[in-house]
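Here are the chains, one letter per residue:
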Amino acid sequence: DAGDNWEAIGENFSNMSIGSIAFDPSNTNTVYVGTGDPNISGYPKTGDGMYKTENGGDTWEHLGLEEVGVISKIIVDNDNSDIIYMSSMGTPYYESEDRGIYKSIDGGASWEQILFLADYAGISSMVSHPNNPDTLYAAGWDRIRSNTQSIVSGNHSRIYRTYDGGASWDTLSGGLPQEYMSRAAIDISISNPEVLY
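Please read all numbers here as calculations on a predicted model, not as lab measurements.

Let us look at the side chain of H156. Here H156 is to be found in the loop between β12 (150–151) and β13 (159–162). Here D142 takes part through its side chain, which lies 3.0 Å from a polar atom of the side chain of H156. Side-chain polar atoms of H156 contact the side chain of N155, separated by 3.2 Å. The contact partners of H156, leaving out residues within four places of it in the chain, are L117, A118, Y120, A121, G140, W141 and D142.

Encoded structure:
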């Protein structure tokens, strides 16, 4: 009812920190939930992977991915529900090769890492072209937060683009800052996908 009333549907999750929620565009009863806090503040909360429901939240299946730490964004392909993209900031406390972007072509049963920047840099934001789901844009972020160090910027904090579903990536410039940067977000216009912010 447009937010007038609410029902708790994930109270049995082992992790209550939620970084992203995505609906299957072809079936709104299928929902993916990624855990972990993508803000990575002074006391960051890591996640325990991804969950999926096919009945609007009545029951949930854990899809694994515990090792990715913080899931910042989930995107389900507009044309093929079996194709899912997931971006990760990793575990904030230490360097890890589990950061970056992952892709599933079987509805989340298995995953392949398709973009890795560095063991101390992940992806803070990701969008897909509304008419061409093989085109995605992602914002990198150099971030470590532990008891001994706090990295908040670096040369991986750039905007990245793929035209082929993650098989290859470009690093964008064309007026974007190229010095050490910090966290960025990116969005794309639905009515005119040539416009990005």
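Now that the structure has been shown, the text picks up again.
All right, on to the pairing of strand β5 (residues 70–76) then. Here is the key point about a regular strand: its side chains alternate between the two faces of the sheet. The buried count for β5 comes to 6 of 7 residues, which makes it a mostly enclosed element. Relative to strand β6 (residues 84–90), β5 runs antiparallel, the two being bridged by 6 bridges. Directly across from V76, in β6, lies its bridge partner I84.

This part is about unusual backbone geometry. Backbone geometry at I40 places phi at a positive 45°, although glycine is not the residue there. On the secondary structure map, I40 appears in the loop between β2 (27–35) and β3 (50–53). Unusually for a residue other than glycine, L65 sits at a positive phi of about 70°. Tracing the backbone through its elements, the reader meets L65 in the loop between β4 (61–64) and β5.

Another aspect to go through is the layout of surface pockets. Reported here for the largest pocket is a volume of approximately 300 Å³. Lining the largest pocket are 17 residues, with K73, I75, V127, S128 and I190 positioned closest to its centre. The biggest single contributor to the lining of the largest pocket is β5, with 4 residues. For the lining of the largest pocket, the per-class residue count stands at 12 nonpolar, 3 polar and 2 charged. In this structure, the second largest pocket spans a volume of roughly 230 Å³. As for the second largest pocket, its lining consists of I9, G10, E11, F13, M16, I18, I21, F23, V31, V33, G56 and W60. For the lining of the second largest pocket, the secondary-structure elements that each account for two or more residues are β1 (18–24) and β2. When residues of the lining of the second largest pocket are assigned to their parent elements, the largest contribution, 3 residues, is made by β1. In the lining of the second largest pocket, the residues fall into 9 nonpolar, 2 polar and 1 charged.

Ranked by size, the top nonpolar core spans 15 residues in total, and within it Y85, I101, L115 and W169 carry the most contacts. In terms of residue count, strand β9 (residues 121–128) provides more of this core than any other element does, 3 residues in total. By size, the runner-up hydrophobic cluster in this structure holds 13 residues, among which are Y32, I74, M86 and Y102.

Rules of the game
Residues numbered from 1 in each chain as written. Predicted model: local features only at pLDDT ≥ 70, side-chain atom pairs only at ≥ 80, totals over all residues. Heavy atoms only, no water. Helix = DSSP H or I, 4+ residues; strand = E, 2+ residues; numbered from the N terminus. Polar contact = N/O pair within 3.5 Å; in protein donor to acceptor, adjacent residues only side chain to side chain. Contact = heavy atoms within 4.5 Å. Buried < 20%, exposed > 50% of the residue type's maximum accessible area, 1.4 Å probe, protein only. Pairing = 2+ DSSP bridges. 1 Å grid on protein atoms, 1.4 Å probe; cavity = no way out; pocket = protein on both sides within 12 Å on 5 of 7 lines; lining within 4 Å. Points joined across faces, edges and corners; volume = space filled by probe spheres on them. Nonpolar A, V, L, I, M, F, W, Y, C, P; charged D, E, K, R; others polar. Core = buried A, V, L, I, M, F, W, Y, C linked by side-chain atoms within 4.5 Å.

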